[in-house]
Protein chains: 2
Amino acid sequence: MMARPILRGTVYLVGAGPGDPELITVRGLNLLRQADVVVHDRLVHPELLESASPRAHLIDVGKAPGRHTCSQDEINRILIQYARQGRAVVRLKGGDPFVFGRGGEECLALARAGVPYEVVPGISSAIAVPAYAGIPLTHRGVAGQFTVVTGHGGAVDWNSLPAEGTLVILMGVERLGEIAAALVERGRAAGTPVAVIFTGTTHAQHVVDGTLADIADRARGIAPPATIVVGPVAGLRAGIDWFDPSQLRPRTATLPGDAFSPLHQPVKVAA
Amino acid sequence: MMARPILRGTVYLVGAGPGDPELITVRGLNLLRQADVVVHDRLVHPELLESASPRAHLIDVGKAPGRHTCSQDEINRILIQYARQGRAVVRLKGGDPFVFGRGGEECLALARAGVPYEVVPGISSAIAVPAYAGIPLTHRGVAGQFTVVTGHGGAVDWNSLPAEGTLVILMGVERLGEIAAALVERGRAAGTPVAVIFTGTTHAQHVVDGTLADIADRARGIAPPATIVVGPVAGLRAGIDWFDPSQLRPRTATLPGDAFSPLHQPVKVAA
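Residues numbered from 1 in each chain as written. Chains lettered and ligands numbered in written order. Predicted model: local features only at pLDDT ≥ 70, side-chain atom pairs only at ≥ 80, totals over all residues. Heavy atoms only, no water.

Colleague: Which residues make up empty space enclosed by the protein, and what values do they have?
Modeller: Counted according to the given criterion, the structure contains two cavities of 30 Å³ or more. Approximately 60 Å³ is the volume found for the largest cavity. What lines the largest cavity is simply A:Asp96, A:Gly122, A:Ile123, A:Ser124, A:Ile127, B:Asp96, B:Gly122, B:Ile123, B:Ser124 and B:Ile127. The residue inventory of the lining of the largest cavity, partitioned by class, reads four nonpolar, four polar and two charged. (1 Å grid on protein atoms, 1.4 Å probe; cavity = no way out; pocket = protein on both sides within 12 Å on 5 of 7 lines; lining within 4 Å. Points joined across faces, edges and corners; volume = space filled by probe spheres on them. Nonpolar A, V, L, I, M, F, W, Y, C, P; charged D, E, K, R; others polar.)

Right under this line is the structure:
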């Protein structure tokens, strides 16, 4: 596949994806490999940063949770400064730049400064983390819509959420009890299936299943990052739980025969 | 980056992304290159199919809109048959397999048949098509949630949609008038910004801007595929309209100086 070249003096807002480093896009990885400067978030996978050129300048703009070393204004200034020096700048952000990523703010700052930029979408954890836990956000006859919201920061108006369909809550695990109670009050059945997925798409992926009535108790004490899925699709997990975190590959338990089946060997490919 | 190997006797449900072929994931492309059999939708980009091995068997299971040559049951049978023969099978689907992609149904059929499978998320057009049109689905102080729904097929209960936040409607352009009227009746202001994006992320991308009151008239006569974005974020497009479809690269119009600026040249990289 022909890769479009990187341009000097330009900022690329690249989504790094949800955790699994192989879920970055082909375009995102090509740009990362060619960048002069990489301005990255704290949660970006180390393997992705190792893909950058050895001569690239790497800048971590989010060293610790709740203790950002860089304000958004400082990040904007860094991006503008290096672009104006004629560097090819990759701004590497977890997930997708435009899903709770403040990517729009960075774009507006770059536009005001007259710096050209490109948005390279990333796989959003809102969709991929449930997928790795065996949950399709939509499913014929089960859910025909999904809503994504963050539980982080200011008060969410839970009354503004739909009473039907799948609900994905990012960064809400610390307020899980409050959120579950509000959804029941809003009209969702207390028995509605809920899955809470911790460190999704990685070796450390761990899923807690429950209902709106008991999920806060079941998931108590587990630390973020976590993705919460509310709705009947969470119940499909039992049949679609394909991902083996320890191997980062499909489970073999459903194979006819057993895990040593000759059908389930790596294919040898020419280099 | 180390790529995990493809496994024989396994089906990989791979999301091809929204149109731009470079938006497939690194994992998706690696699997596509190694597959023995590729079972693909009609709308998948030809450049992606050219990435498959020359010895791979390519099967088109969706030849024309509204006239599927294969039913879902037939697709399931094809996937199971080739996996049982010990082939490494990629099921290449537009967008993301779990966002209106019937991926969950294919997973359940494979699980019932005892065939191992993996889900490889793709960039959903619900997020990336708005991004290429300069629309972030969330933006601080503008929208803190988004809902994705399809306008296709059976009657959507528009009353089940939230009255706030961003709304993305896939496959709804033929019913745009009806949808806009229902949203106004449901409580959204008639002046709410709406963008309709045709053939997004490609050379042929074309955007029609309007409001709930006039978008049906403005977009009349334009053919699918289209993505509809409703909400104040659609108004951010004016400041974030970065994508030049004719060049598949950032617009140069906002550059200080002009398009011939030495800052805006491709970077030379070692091969």
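Structure shown, so let's carry the discussion forward.
Colleague: Before we move on, can you summarise the pattern of salt bridges with the specific residues and values?
Modeller: Scanning all chains against the criterion turns up 32 salt bridges over all chains. Put simply, B:Arg140 and A:Glu105 hold a salt bridge, and the shortest N to O gap is 3.7 Å. Of this pair, B:Arg140 sits in the loop between helix H5 (125–132) and strand S6 (145–150) while A:Glu105 sits in helix H4 (residues 103–112), each in a different chain. We classify A:Glu105 as buried; its relative accessible area is 18%. Between A:Arg237 and A:Asp241 there is a salt bridge, with the nearest N and O atoms lying 3.7 Å from each other. One network of salt bridges, in which partners are shared, links A:Arg4, A:Arg27, A:Glu118, B:Asp20 and B:Glu22. (Salt bridge = Lys/Arg side-chain N within 4 Å of Asp/Glu carboxyl O. Helix = DSSP H or I, 4+ residues; strand = E, 2+ residues; numbered from the N terminus. Buried < 20%, exposed > 50% of the residue type's maximum accessible area, 1.4 Å probe, protein only.)

Colleague: Now, about the environment of A:Val61: what can you tell me, with residues and values included?
Modeller: Tracing the chain through its elements places A:Val61 in the loop between strand S3 (57–60) and helix H3 (72–84). Each C-alpha atom, one on A:Val61 and one on A:Gly19, is 18 Å from the other, the two residues being 42 residues apart in sequence.

Colleague: Got a sec to walk through the environment of B:Leu13? Specific residues and values, please.
Modeller: Along the polypeptide, B:Leu13 turns up in strand S1 (residues 11–15). Each C-alpha atom, one on B:Leu13 and one on B:Val120, is 5.9 Å from the other, the two residues being 107 residues apart in sequence.

Colleague: Tell me about the packing of helix H3 (residues 72–84) of chain B against helix H4 (residues 103–112) of chain B, and please be specific about residues and values.
Modeller: Between two packed helices, what matters for the description is the angle formed by their axes and the separation of those axes. Residue and element names in this part refer to chain B. Running from N to C, H3 and H4 point in directions that differ by 50°, and their axes come no closer than 10 Å. For the element pair H3 / H4, the angle class is oblique. The hand of the H3/H4 crossing is right-handed. In this structure, H3 uses Gln-72, Ile-75, Asn-76, Leu-79 and Ile-80 to contact H4, whose residues at the interface are Glu-105, Glu-106, Ala-109 and Leu-110. For the contact of H3 with H4, the per-class residue count stands at five nonpolar, two polar and two charged. (Axes fitted to C-alpha atoms, helices over the stretch in contact; angles between N-to-C directions. Parallel < 35°, antiparallel > 145°, perpendicular 65-115°, else oblique. Left-handed = near helix turned anticlockwise from the far one by under 90°. Contact = heavy atoms within 4.5 Å.)

Colleague: Go over the nonpolar core, please, and point to the residues and values.
Modeller: Core analysis: the largest hydrophobic core is formed by 126 residues, its most contacted members being A:Val11, A:Leu92, B:Val11 and B:Leu92. Other than its neighbours up to four places away in sequence, A:Leu92 contacts A:Val14, A:Ala16, A:Ile24, A:Leu32, A:Val38, A:Val39, A:His40, A:Asp41, A:Val44 and A:Leu49. (Core = buried A, V, L, I, M, F, W, Y, C linked by side-chain atoms within 4.5 Å.)

Colleague: Tell me about the confidence of the model for chain A, residues and numbers included.
Modeller: Interpreting fine coordinate detail is not advised for predicted regions of low pLDDT. All names here are of chain A. Per-residue pLDDT for chain A has a mean of 89; in total, 89% of the residues score no lower than 70. When the criterion is pLDDT under 50, residues 253–271 qualifies, and its contacts beyond four places in sequence or with other chains add up to 34 contacts. Overall fold confidence (pTM) sits at 0.91, and the ipTM for the predicted complex is 0.90. (pLDDT = per-residue confidence, 0-100.)

Colleague: Lay out the interface of chain B and chain A with the relevant residues and their values.
Modeller: Residue-level contacts link 89 residues of chain B with 89 residues of chain A. Between chain B and chain A, the buried area comes to about 7,600 Å², and carbon and sulfur atoms account for 64% of it. Taken together, chain B and chain A are joined by eight salt bridges. Across the pair B:Arg27 and A:Glu22 runs a salt bridge, and its minimum N-O distance is 3.6 Å. Seen at the junction of chain B and chain A, the total is 19 residue pairs in polar contact (both at pLDDT 80 or more). Here the residues of the side of chain B that touches chain A sort into 49 nonpolar, 22 polar and 18 charged. Here five bridges tie strand S6 (residues 145–150) of chain A to S6(B), and the two strands are oriented antiparallel to one another. Bridge pairing in S6(B) links A:Phe146 to B:Val148. (Buried area = accessible area lost by both parts, 1.4 Å probe. Polar contact = N/O pair within 3.5 Å; in protein donor to acceptor, adjacent residues only side chain to side chain. Pairing = 2+ DSSP bridges.)

Colleague: For the pairing of strand S8 (residues 193–198) of chain B, give the residues involved together with the corresponding values.
Modeller: The side chains of a regular strand alternate between the sheet's two faces. Residues and elements named next belong to chain B. Burial within S8 is extensive, with five of its six residues counted as buried. Sheet analysis places S8 next to strand S10 (residues 226–230), joined by five bridges and oriented antiparallel. Within the sheet, the bridge partner assigned to Val-194 lies in S10 and is Val-230.

Colleague: Would you mind going over the packing of aromatic side chains in detail, with residue names and values included?
Modeller: Residue and element names in this part refer to chain A. Tallied over the full model, the rule gives six aromatic pairs over all chains. Seen in terms of ring centroids, Tyr-132 and Trp-242 are 5.1 Å apart; in terms of plane orientation they differ by 65°. Their pairing is edge-to-face. With a gap of 110 residues between them, Tyr-132 in helix H5 (residues 125–132) and Trp-242 in the loop between helix H8 (237–240) and strand S11 (243–244) connect regions that are remote in the sequence. We classify Tyr-132 as buried; its relative accessible area is 0%. With 5.4 Å between their ring centres and 65° between their planes, Trp-242 and Phe-243 make a pair best called edge-to-face. Phe-243 shares its class with Trp-242; the two are buried. Taken together, the ring pairs in this structure connect Tyr-132, Trp-242 and Phe-243 into an aromatic cluster. (Phe/Tyr/Trp six-rings, centres within 6.5 Å; stacked < 30°, edge-to-face > 60°.)

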